Every structure is written in C-alpha cells, then in structure tokens.
Amino acid sequence: MTDGFATRAIHAGQHPDESTGSVIPPIHATSTYTQDGVGNQRAGYEYSRTGNPTRTSLEECLAALESGTRGLAFSSGMAATDAVLRSVLRPGDHLVIPDDAYGGTFRLVDKVLTGWGVEYTPVRISDPDAVRAAVRPNTKVLWVESPTNPLLNIADLAALAEVAGETSTKLIVDNTFASPYLQQPLRLGADVVVHSTTKYLGGHSDVVGGAVITSDEELADGVAFLQNTTGAVPGPFDAWLTLRGVKTLAARMEQHSANAARIAAALHEHPKVTRVFYPGHADHPGHEVAAGQMRRFGGMVSFTHADGEQAAVDVCSRTRLFTLAESLGGVESLIEHPGRMTHASTTGSLLQVPSELVRVSVGLEDVDDLLEDLLAALE
Ligand SMILES: *Cc1c(COP(=O)(O)O)cnc(C)c1O
C-alpha cells in the first residue's frame, strides 16, 4: 500500500540520520566527499554539483509526492524549465505553449530558445482541439500550465495526454499553481511535471528553487545529465528549507483553498469587480474539468477592476495585509498587478494580460481579516 499524501510529504526521502539519529535530515554543507580508496565512495557521493544527501532527500520526496520515479531539484523553477526543455528540444523542433504562459517561461522560449532554432506556437490550452491543431511534424513538446498564471485557465490534462500520445509529443506540465497536493499530472498521463518550488512547495517565501519529476527514465537521465553538466543546483540549505516547507503542504493547501474560495465569492459580488478568474466557481469555463482533476481549487484568484488600469494599480497599493509583491504560494497573502509586474515581459505580444487585472495569492491569515482588507482597498 502506498502511504497517503501527507505521510509521504513528511517521510518520503527523509530518514533519521544513520550516524547521529537526527530525526531531521541534516544540512550536508559540503562540496566534496572522502573516498575509501580511489573510486570507492561511501554512499555514492563524490561532489555536490552531482549529488548531495540533503538534495537527495528533497528529490526523493518530490518524486513521491508527484507519483513519479525520479525527482531532480534545481536552483529555480526557470532552471528546471530550461533543463527539461533543452534536454528534449533540438534546433528545428517546435513546441506548443499556453497563450497565457508564465511570463518567465514565455521569455525563455521567445528570447532564448528561438535563438537556438526552436519554434513555438502559443495556443489556448483549455481547448484540446486547438492544441492538436497546433501540432506540426516537428513538434516535440506540449507545454502546459493548469491552472494558468495569471488567468487561471484550466487544461484537461487527461485529454492533452491523449493528444500527446497520438502525436508522439511529450506532455510537460508546470504544476506550480496546483501543487502535487491538489493535482498529480503524471497520474493523468503527463510525461513530466515541472515546479517552481519557490511557491507552494516551499510555501514560506524564503527560498527560490525548482524541480523536474518524471517516471520516464530516459528523459530523467537526460535532465540529470544537464543538471550536473550546467550545474543549476540548489545548495543544501535551500534544499533543506524547501523540504521543511513541503512537510506541511497538505495542511497549507487545504487552508489556502478554503480562504481563496471565500475571497473569490466576495469578489464575485463586488460592484467594482467585472470578472473573477477562479476555477472553483461554477461559471468558470474550466470548472468541471478542474473539479475532475483537482482535489480543491487552490489559493490563486485574479480579477478585473471595472474602472480600468489605474484603479487596478491603486487597489494593489492600498491593501494592508495583502503585501504588494511578485510571487505566490507563501503563508502570507500577496497582491500584484500582472500587466506591470510579473507579466510585463508579455506587453505587446499575443500573451499580453488585461491591464485592469489584479492577481492575489491568498495566504493563511484569518480570512475575515483578509476580506476586510481587500474590500477596503476596493472602496
Ligand atoms: C514562479 C513560476 C515559475 C518560475 O519559477 P522561479 O522559481 O521563479 O524560477 C514558473 N512557472 C510558474 C507557473 C511560476 O509561477
């Protein structure tokens, strides 16, 4: 029997230290490891770019949480994204990305990968037929986020896994917004999951990191080769901090989801709010798919302000508890204006977001305090 999710989060990859009995895996602050004779390593470690026991604990835990066989930790979500894309794509290849992809992913594809001869097509990934229609003979990757950032569009992951199977492409899912607690794409047929562990997995806005998880051994070997070759690895303290955050992921995601549901409901009723982007609402176009593939609807809510861009910007600077900042997924609530902040790099492109859009990452404060704060800022 496989342990439940919360049990895996606390125990997978995290065994009491053999030499001291320390219950918590130590921070192995070392760059290198002594050998008992040339080439005779004690525990399989020789140099910390290649492997470090604290990082191994994190990698095993993340693999277990996503129901994959291999986890590879990186120094950031973008380093993880870069490693998996460069291990799969070659010059002349093509990939499909969401038409509201995370801004940093769009920048990597549009400004870096195109320079290496890779082509891409942005599509509305909530429509599996549109994704299928965008596939060309040279397409190797369907890159998907669900829910998307910042518009919370939902992709039907099982349907896209079928498209990937039919077209011999790899379905890669950036699962940052949902976290493995809410959704496990590998179980729905995806080939690879990518995370910015900076967000919900770390959960405390105190460490930047990323991960690639898969059960495709050949693909994992390719990503591991790049991880070691290019060296964008997390240090042992970063790996430890992330692992510390992961232990409470299940409890946090329950409360993030409950608080966000209350916030979304209040925004829905508000006269200054024209649209609420939240997959938990029955009128969200992806609601049914989300209900089928997610445990709950997560902690992210976006909305448009009836009075336009300046009013949206003003709301972001008037809140007291919602801190004006980029990023998401921490215990503290954050608010931001995607058009001028996280998604500024999409201005003038197909992926441009509405200028009157506000995005909130609903934290774990008392939800009544959060409601009062946001409603006061909308006055
Ligand atoms: C933040 C984020 C990333 C990038 O991760 P970093 O850790 O900031 O490099 C990628 N995808 C999504 C959906 C994100 O929110």
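Scroll up for the structure.
All of the points below concern the structure found in this document. All values reported here derive from a predicted model rather than from experimental measurement.

Right, let's get into unusual backbone geometry. Residue Pro147 follows Ser146 across a cis peptide bond; omega there is -5°. The topology assignment puts Pro147 in the loop between strand E4 (139–145) and helix H6 (157–167). In this model, Asn149 is joined to Pro150 through a cis peptide bond whose omega is 10°. Counting through the fold element by element, Pro150 comes out in the loop between E4 and H6. Its identity is not glycine, yet Leu152 carries a phi of approximately 55°, on the positive side. With respect to the helices, strands and loops of the structure, Leu152 is situated in the loop between E4 and H6. Look at Leu152 and you get buried, because its relative accessible area is 1%. In this structure, Ser205 takes a positive phi of about 50° despite not being glycine.

This next bit is on the pattern of salt bridges. Under the defined criterion, the tally for this structure stands at 17 salt bridges. The shortest N-O distance in the salt bridge between Arg359 and Glu336 comes to 3.2 Å. Here Arg359 is found in strand E12 (residues 357–361), whereas its partner Glu336 is found in strand E11 (residues 334–336), with 23 residues between them in sequence. For Arg359, a relative accessible area of 2% puts it in the buried group. Look at Glu336 and you get buried, because its relative accessible area is 1%. By sharing partners, the salt bridges in this structure join Arg70, Glu217 and Asp221 into a single network.

Time to look at the side chain of Lys199. On the secondary structure map, Lys199 appears in the loop between strand E6 (192–196) and strand E7 (210–214). Although Lys199 is buried, it forms no salt bridge, and the closest oppositely charged side chain is Asp174 at an N-O distance of 7.4 Å. If we ignore the near neighbours within four places in the chain, the residues touching Lys199 are Thr176, Ser327, Leu328 and Gly329.

The next thing to look at is the environment of Thr148. Looking at the element boundaries, Thr148 is found in the loop between E4 and H6. Residues Thr148 and Ala311, spaced 163 residues apart in sequence, show a C-alpha to C-alpha distance of 24 Å. Residue contacts for Thr148: discarding those within four places in its chain leaves Asp100, Ile125, Asn153 and Phe177. Within the structure, Thr148 has its side chain in polar contact with the side chain of Asp100 (distance 2.6 Å). Within the structure, the side chain of Thr148 is placed 2.8 Å from the backbone nitrogen of Asn153, a separation counted as a polar contact.

What counts, and at which threshold
Residues numbered from 1 in each chain as written. Predicted model: local features only at pLDDT ≥ 70, side-chain atom pairs only at ≥ 80, totals over all residues. Heavy atoms only, no water. Helix = DSSP H or I, 4+ residues; strand = E, 2+ residues; numbered from the N terminus. Buried < 20%, exposed > 50% of the residue type's maximum accessible area, 1.4 Å probe, protein only. Salt bridge = Lys/Arg side-chain N within 4 Å of Asp/Glu carboxyl O. Lys, Arg positive; Asp, Glu negative; His and termini not counted. Contact = heavy atoms within 4.5 Å. Polar contact = N/O pair within 3.5 Å; in protein donor to acceptor, adjacent residues only side chain to side chain.

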